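# Examining the three-dimensional arrangement
For reference, the chains in residue letters:
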Amino acid sequence: MAAKPKLAVHKFASCDGCQLAFLNLGEDLLMLTQLVDIVHFAEAGPVDLDAPVDIAFIEGSVSTPEHLERLQRIRANSKFLITIGACATAGGVQALRNFAKGNEWFASVYAKPEYIASLDTSTPVASHVKVDLELWGCPVNGRQVLAATRALLFGVSPVEEHDKVCLECKRHHVVCVLVAKGIPCLGPVTRTGCGALCPAFGRDCYGCYGPAENTNTESLGRRFEGLGLLPEAVVRRFLFINNAAPAFAEAGKRWKER
Amino acid sequence: MPGNYLPRASFQALLETLQQTGYRCVGPQLRDDAIVYDTLRHVGDLPRGIRDLQAPGQYRVEKSDCPRFFAWANGPQALKPLLFAPQEFLWKTERAADGRLRFVAAVPDAVPTAVIGVRACDLAALRLQDAHFLKDPSRDAHYAARRERLFLVAVHCTRSAPTCFCASTGDGPRAEAGFDLSLSELDDGFLVEAGSDTGRGVMARLPLEAASAGQTQTADAEIAQAAKQQTRKLPSRNLQAALFANLDHPRWVDVAERCLSCANCTSVCPTCFCHSEADQPTLDGAGSVHARQWDSCFTQGHSYIHGVTIRADTRLRYRQWLTHKLGSWHEQYGRSGCVGCGRCITWCPVGIDITEEATAICGDTTHV
């Protein structure tokens, strides 16, 4: 029998929440270990940072000089590279610092800022190396990481999810919160994958799965204004978890200029 | 002559008769700030005195002292999800011990269901869904199993929402056919009419009283009033020629600037039937389930064919929806795919109005 494919889970600037998509799998985690060799996954135990692997998952954004260098090594050692979550895929909520002067903040927060080695920006992995698949979400869930892994084990391309959250709301019998409650839901521009989690609990989607395909942020932003949001509040809707994702970044910029 | 008047205090008898006959009762109730259809155990579950306030992109409910259970126009869904399931498994594959693949069809399983409070537009939409899903040779076993076990209690509309336009499509507000029982709601009770043998059987078991001529007149007048309340309309019942003559109309660009391409309209539309199918493998790779789920002509996947998305932008997607719904449906099903329920207007997050767009694109076309 051929050796099992090797898998690694790496971490960059992040909260570790996406790695829980693996750790919370329950019995499926045992099945996963029968299908692949998990050679590097520091949070779970195995550490072999430079092991050549078939599949590498990366959590977290590129935020320090060390990240830049480590990312190149991971790319060179990995056949198929998958980013997991808003940080690795779009720079994360911490990319808000791209709008500010990061070094001035260090001086005001840290007594000895010279100990902090940080880049001025927080950027997605794809800004630095080729990424083979992006899994969106804050955090991603077990279904997403397993579906991607299973597809690769079959030797086929993983199915990309890029429809809008609205479709999932309707399939789950969730009443539209924007229409029935008048709250500024980002579902009409946000990528599906969460199972319409927030609207199912009566709150508005805040876009943690990033932009869907073919978004119309201009029209939705105007609707938010109609609901009573001031332009700066519209900006904050778009510039949040996935503020550096191009569709949301551009929307935020447009509404800032009003 | 036996009576046909069911006092409001006896409405629970209708639910109990249906339950004793073996039906799960489903009916309108207030949930998450909207009228939704769900399992109905008791008359107290009905949205007594609730009114809906509908406008493009907006739905609100308000409570009133009105004793009526059906003093509202409609909610986001009615029959469609009960028959055309939003998500369901069609078949699965298993790897047998000898290594061969086995294909196992999902057995259609349907609980006999009685739906209380079906509107005329819902019945018109049901006829179109039937035409789609029950047509041989591609009759859908899952839809058919649920359809065969369905008992329909219609309620004539006595109040139209500002978004309703069923009078212009010829589908309401009176439920003319396709029900087992129909109800006209008055302040103190209901006038009952049977539309099928099953309905007559249920009706015979109800504690009915004689209706007065005045009650019948009041009921008819209220339905007529509901038709008169409607202000929206489509320019014609057949817009096929007008739409296809205007494929390059600038209004398609205009509506695409507003449209979110979010598929809310097609999801709440009671006649839209598009779906996608996908295989979901088990983690060990030994099997998979083949699932069907609601899709929409507003998604990228809907027009994806071998590496190319045919309708990549919103202008083409909206045009596809409208020219199919109001145009080429005539060729497919002998009528327009719009029953005038107005759901696509209310539940569009940005309030795009199909009657306004159709009128802008087709002009004041008057040929029927």
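In this text the structure is predicted, and so the values were computed from the model without any measurement.

### Things to note about the overall build of chain B
Across its full length, chain B holds 13 helices and 15 strands. Whereas a compact globule of 368 residues would reach a radius of gyration of roughly 21 Å, chain B reaches 22 Å, a difference of no more than 12%. C-alpha extents for chain B along the principal axes are approximately 65 × 60 × 35 Å. For chain B, the proportion of its 368 residues judged to be buried stands at 44%. In chain B, the share of contacts with a sequence separation of at least 24, taken over all contacts with a separation of at least 6, comes to 71%.

### Looking at the domain arrangement of chain B
Size of an interface: often given as the accessible area lost when the parts come together. All names here are of chain B. What the domain assignment reports for chain B is domain 1 (5–229) and domain 2 (240–362). When each unit is reduced to the centre of its C-alpha atoms, the spacing between domain 1 and domain 2 is 25 Å. Considering each element in turn, the side of domain 1 that touches domain 2 owes the most residues, nine residues, to strand β6 (residues 87–95). By residue class, the composition of the side of domain 1 that touches domain 2 is 19 nonpolar, 13 polar and seven charged.

### A look at the domain arrangement of chain A
Residue and element names in this part refer to chain A. When the domains of chain A are assigned, the result is domain 1 (6–154) and domain 2 (165–256). When each unit is reduced to the centre of its C-alpha atoms, the spacing between domain 1 and domain 2 is 25 Å. In this assembly, 13 residues from domain 1 lie in contact with 13 residues from domain 2. In terms of residues, the side of domain 1 that touches domain 2 owes the most to one element, helix α4 (residues 85–90), which gives three residues. Here the residues of the side of domain 1 that touches domain 2 are counted per class, giving eight nonpolar, five polar and no charged.

### Some thoughts on the confidence of the model for chain B
In the predicted model, chain B carries a mean pLDDT of 96, and the fraction of residues at 70 or more is 98%. Interface scoring of the predicted complex returns ipTM 0.96; its pTM is 0.96.

### Overview of the sheet that holds β6 of chain B
All names here are of chain B. Spatial ordering of the open sheet is given by β7-β6-β13-β12, a layout of four strands whose pairing is antiparallel. Among the strands making up the open sheet, the edge pair consists of β7 (101–105) and β12 (275–281). Strand after strand, the sheet turns through a mean of 20 degrees between neighbouring axes, direction not considered. As paired elements, β6 and β7 share five bridges and run antiparallel to each other. Pairing of Thr93 across the sheet is with Phe103, part of β7.

### Focus: the interface of chain B and chain A
With 35 residues of chain B at the interface, the matching set in chain A holds 28 residues. Breaking the side of chain B that touches chain A down by element, the ones donating at least two residues are β3 (34–39), β5 (58–63), α9 (251–258), α10 (264–268) and β13 (287–294) of chain B. Its residues assigned to classes, the side of chain B that touches chain A comprises 16 nonpolar, 13 polar and six charged.

### Quick look at the nonpolar core
Residues Ile84 of chain A together with Val115, Val118 and Val153 of chain B are the most contacted members of the largest nonpolar core, which totals 165 residues. At seven residues, helix α3 (residues 120–133) of chain B tops the list of elements feeding residues into this core. Not counting residues within four places of it along the chain, the set of residues in contact with Val118 of chain B comprises Ala78, Leu79, Leu123, Leu152, Val153, Ala154, Val155 and Phe179 of chain B.

Rules and cut-offs
- Residues numbered from 1 in each chain as written.
- Chains lettered and ligands numbered in written order.
- Predicted model: local features only at pLDDT ≥ 70, side-chain atom pairs only at ≥ 80, totals over all residues.
- Helix = DSSP H or I, 4+ residues; strand = E, 2+ residues; numbered from the N terminus.
- Rg over C-alpha atoms; globule rule 2.2 N^0.38 Å.
- Buried ≥ 20, exposed ≤ 12 C-beta atoms within 10 Å, placed from the backbone.
- Contact = placed C-beta atoms within 7 Å.
- Domains from an automatic or database assignment.
- Nonpolar A, V, L, I, M, F, W, Y, C, P; charged D, E, K, R; others polar.
- pLDDT = per-residue confidence, 0-100.
- Pairing = 2+ DSSP bridges.
- Axes fitted to C-alpha atoms, helices over the stretch in contact; angles between N-to-C directions.
- Core = buried A, V, L, I, M, F, W, Y, C linked by C-beta atoms within 7 Å.

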